[in-house]
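# Commentary on secondary and tertiary structure
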Amino acid sequence: MDLKALIRPSIAAMKPYSSARDEFQSQDNNLVFLDANESPFQNDLNRYPDPQQILLKTKLATLKQVLPDQILLGNGSDEVLDLLFRAFCEPNQDAVLTLTPTYGIYGVLANLNAIENQAVTLNSKFQIKIDDVLKAIHPNTKMIFICSPNNPSGNLLDTKAIEGILEAFGGLVVIDEAYIDFTDSKSWIERLSEFPNLVVTQTLSKAYGLAGIRLGICYASTDIISVLNKIKPPYNINLLTQNAAFEGISNQENTKKQIDMILSEREKLIQNLNNLSFVKTIFPSDANFILIRVDDANMRYTQLIAKGIIVRNRHGQPLCDHCLRITVGTPEENLKLIQALQTI
Ligand SMILES: *Cc1c(COP(=O)(O)O)cnc(C)c1O
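Conventions and cut-offs
- Residues numbered from 1 in each chain as written.
- Predicted model: local features only at pLDDT ≥ 70, side-chain atom pairs only at ≥ 80, totals over all residues.
- Heavy atoms only, no water.
- Near = heavy atom within 4 Å.
- Polar contact = N/O pair within 3.5 Å; in protein donor to acceptor, adjacent residues only side chain to side chain.
- Areas by Shrake-Rupley, 256 points an atom, 1.4 Å probe, with all protein chains shown as cover.
- Helix = DSSP H or I, 4+ residues; strand = E, 2+ residues; numbered from the N terminus.
- Nonpolar A, V, L, I, M, F, W, Y, C, P; charged D, E, K, R; others polar.
- Core = buried A, V, L, I, M, F, W, Y, C linked by side-chain atoms within 4.5 Å.
- Buried < 20%, exposed > 50% of the residue type's maximum accessible area, 1.4 Å probe, protein only.
- Domains from an automatic or database assignment.
- Contact = heavy atoms within 4.5 Å.
- Pairing = 2+ DSSP bridges.
- Axes fitted to C-alpha atoms, helices over the stretch in contact; angles between N-to-C directions.
- Salt bridge = Lys/Arg side-chain N within 4 Å of Asp/Glu carboxyl O.
- Buried area = accessible area lost by both parts, 1.4 Å probe.

## Digging into the site of the ligand
- Taken together, 13 residues surround the ligand, and among them Tyr179, Thr203, Ser205, Lys206 and Arg214 come closest.
- Within the contact set of the ligand, an oxygen atom lies 3.3 Å away from a side-chain nitrogen or oxygen of Lys206.
- Within the side chain of Arg214, an N or O atom sits 2.6 Å from an oxygen atom of the ligand.
- Taken by itself the ligand offers 390 Å² of open surface, and the protein chains cover 94% of this.
- Broken down by element, the residue count for the shell around the ligand peaks at three residues, all from helix 5 (residues 76–88).
- Classifying every residue of the shell around the ligand gives four nonpolar, five polar and four charged.

Structural data, given as structure tokens:
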């Protein structure tokens, strides 16, 4: 892969903004900071946050066995993905390839950035049709988005197919691992040194229970990360988020306990769903949600709302005729769901 050729020319040429905190970083309390026009009155939030999030990245780097310079943090995965578009895709010229049905944000970001979205459908088992993908790639295809485990289908995508794409494709392969913590599968982070075109995104929004703080994480080569660093908003991760994220990833035991609970609840839910006559298919899940096919998705969706239960209606998405996506909740919530399903 020729990274220089992938970067948008205007991005390669631009000089990044250098913030006051970029130019002078110190933990020394005796220094007098009069460089950023902040308020001098201490309230724990009067100073700008660390633009490079060194403490948090160092902690993540240890946890994931990468260098801090292989990490970029974003205001949710959404910002990370948007930065990838803006760094590597020239508006009205380039394209990205997505594997539908999948996470809707990739297509929205393509639209927002005036980038063609080449949607290639998965097969009926929601796996990659490798030949279709390789055939669809054209010289302006810059990135391929692979969501594994995939949303909304819930399954991990086949390793061999992903390896095939990584080897054959000269652009970036972005693997979205938002749900990786719910699987025993190894993260693609472990293979970053093997594939220079690999980009892995993760988030604290799912297994870590911190959707409210908005923290998305991008792991890639130091070269790719330095391009993204150059264009990110200087203070994109606020201080409250940096602190809460640090706390959150420090408490692995709590996260592990909650994951185990979700997984055992998921199995219970599947057993109960199996006993409902209008549930036609329960798709295998490697995530904290289950995709089911019912007799009439719009009707069942509306009936559940009337019972105060909101699920995600995926009817209308490719391969998702009459499908509902159900997030695994607490034992009490799941019981309410099952009771509601038994009465409708
Ligand atoms: C939920 C989800 C995310 C998380 O996005 P954030 O912006 O980090 O909250 C990312 N990718 C997929 C596929 C998701 O389902």
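## Things to note about the nonpolar core
- By size, the foremost hydrophobic cluster in this structure holds 43 residues, and its most contacted members are Leu99, Ile128, Ile146, Leu204, Leu215 and Tyr219.
- Looking at this core, the element that brings in the most residues is helix 8 (residues 159–168), giving four residues.
- Domain assignment of the residues forming this core places at least three in each of domain 1 (3–16 + 51–250) and domain 2 (253–341).
- When neighbours within four sequence positions are excluded, Ile146 is seen to be in contact with Leu99, Ile128, Leu157, Ile162, Ile165, Val173, Val174, Ile175 and Asp176.

## What about the sheet that holds strand 1 (residues 71–74)?
- Strand order in the open sheet formed by seven strands is 1-7-6-5-4-2-3, and the pairing between neighbours is mixed. Across the chains shown, the open sheet's two edge strands, defined by having one partner strand only, are strand 1 and strand 3 (116–121). If you compare each strand with its neighbour and ignore which way they point, the axes differ by 25° on average.
- Its contacts with the sheet put helix 4 (residues 54–64) on strand 1, strand 6 (198–203) and strand 7 (216–219), and the angle it makes with strand 1 is roughly 125°.

## Side note on the pattern of salt bridges
- Per the counting criterion, the structure on display carries 15 salt bridges.
- Close ionic contact of Asp260 with Lys256 constitutes a salt bridge, the shortest N to O distance being 3.0 Å. Of this pair, Asp260 and Lys256 both sit in helix 11 (residues 252–274), four residues apart, which is roughly one turn of that helix.
- When its relative accessible area of 38% is taken as the criterion, Asp260 is described as partly exposed.
- Among the ionic contacts, a cluster of salt bridges with common partners joins Arg21, Asp35, Glu38 and Arg47.

## Let's talk about unusual backbone geometry
- Cis geometry marks the peptide bond from Ser148 to Pro149; its omega dihedral reads -5°.
- Mapping Pro149 onto the fold places it in the loop between strand 4 (141–147) and helix 8.
- Following Asn151, the chain continues to Pro152 via a peptide bond in cis, the omega torsion being 20°.
- The phi angle at Gln53 is positive, at roughly 45°, despite the residue not being glycine.
- Of note, Gln53 is situated in the loop between helix 3 (20–23) and helix 4.
- In this structure, Arg214 takes a positive phi of about 60° despite not being glycine.
- Among the structural elements, Arg214 can be located in the loop between strand 6 and strand 7.

## A few points about the domain arrangement of the protein
- As assigned here, the protein comprises domain 1 (3–16 + 51–250) and domain 2 (253–341).
- Computed over C-alpha atoms only, the centres of domain 1 and domain 2 are separated by 27 Å.
- Taken together, the contact between domain 1 and domain 2 spans 21 residues of the former and 18 residues of the latter.
- Summed over both sides, the interface of domain 1 with domain 2 buries roughly 1600 Å², with 67% coming from carbon and sulfur.
- If you sort the residues of domain 1 by the area they bury against domain 2, Phe126, Pro152 and Phe182 come out on top, with a joint share of 38%.
- Taken together, the links from domain 1 to domain 2 amount to zero salt bridges.
- Looking at the side of domain 1 that touches domain 2 residue by residue, the classes come out as ten nonpolar, ten polar and one charged.

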